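Observations on the model geometry
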Amino acid sequence: MQSPRVFLSVSLPLSIPRSRDRRDLRLIFSWNELLFSMILSAGQMRTMTVMIPSLVLHTGTLWGEVAAASVIQSIPVLVFTFLIQKRLIRGLTFGAVKG
């Protein structure tokens, strides 16, 4: 009956940092999801991801507004990434073979 003890003392502690990293990476990747935002947003309420392609008009592209909106949209992801940077690197390399 060593199996539950081995799982609780070895496998579970190795899997916790990876599951946290999966959650954090899922948040980062879903932040910019255009199709998901287009489906869920309706009417006058739009996310930044849906608003940026609407700045491309048939008369031309509003490059200044596109650039400003892109920078504003990326700020939360950059701040979040810098806040979890140590934990993210630790989780990605935890359990790696050294040598």
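Scope of this entry: the structure provided in the associated data block. Quick caveat, the model's predicted, so the values are computed rather than measured.

So, how was this worked out
- Residues numbered from 1 in each chain as written.
- Predicted model: local features only at pLDDT ≥ 70, side-chain atom pairs only at ≥ 80, totals over all residues.
- Heavy atoms only, no water.
- Helix = DSSP H or I, 4+ residues; strand = E, 2+ residues; numbered from the N terminus.
- Buried < 20%, exposed > 50% of the residue type's maximum accessible area, 1.4 Å probe, protein only.
- Contact = heavy atoms within 4.5 Å.
- Areas by Shrake-Rupley, 256 points an atom, 1.4 Å probe, with all protein chains shown as cover.
- Expected span 1.5 Å × (residues − 1).
- Bend = angle between axes of the 7 residues up to and from the residue.
- Patch = residues over 30% accessible without salt bridge, like charges linked within 9 Å, V, L, I, M, F, W, Y side chains within 5 Å.
- Salt bridge = Lys/Arg side-chain N within 4 Å of Asp/Glu carboxyl O.
- Axes fitted to C-alpha atoms, helices over the stretch in contact; angles between N-to-C directions.
- Parallel < 35°, antiparallel > 145°, perpendicular 65-115°, else oblique.
- Nonpolar A, V, L, I, M, F, W, Y, C, P; charged D, E, K, R; others polar.

**Comments concerning the overall build of the protein chain**
On a plain count of helices and strands, the protein chain comes out with 5 helices and 0 strands. The secondary structure elements of the protein chain, listed N-terminal to C-terminal, are α-α-α-α-α. Here the protein chain holds 99 residues, and the buried ones make up 17% of them. Restricting to contacts in the protein chain with at least 6 residues of sequence separation, those with at least 24 account for 57%. Entry remark: accessible area of the protein chain is about 8000 Å², with carbon and sulfur atoms responsible for 70%.

**Focus: helix α1 (residues 3-31)**
With 29 residues, α1 extends 40 Å between its outermost C-alpha atoms, agreeing within 8% with the 42 Å of an ideal straight helix rising 1.5 Å per residue. Along α1, the helix axis deviates most sharply at Ser11, where the bend reaches about 40°; the proline Pro13 sits within four residues downstream. Pro17, Asp21, Asp24 and Ile28 are the residues of α1 that are buried.

**A look at a nonpolar patch on the surface**
There is a patch of nonpolar side chains on the surface, built from Phe7, Leu8, Leu12 and Ile16 and spanning about 350 Å² of accessible area. For Phe7, the location among the structural elements is in helix α1.

**Details of the packing of α1 against helix α4 (residues 63-83)**
Each pair of packed helices can be summarised by the angle the axes make with each other and by the distance between the axes. At a minimum axis separation of 10 Å, α1 and α4 run at an interaxial angle of 170°. Between α1 and α4, the interaxial angle falls into the category roughly antiparallel. Along the contact surface, α1 presents Asp24, Leu27, Ile28 and Trp31, while α4 presents Gln73, Pro76, Val77, Phe80 and Thr81. Split by residue class, the contact of α1 with α4 holds 6 nonpolar, 2 polar and 1 charged.

**A look at α4**
Counted at 1.5 Å a residue, the expected span for α4 with its 21 residues is 30 Å, and the 30 Å between its end C-alpha atoms agrees. Turning to α4, its buried residues number three or more, namely Val66, Ala69, Gln73 and Val77.

These results come straight from atomic positions and should not be treated as a statement about function.
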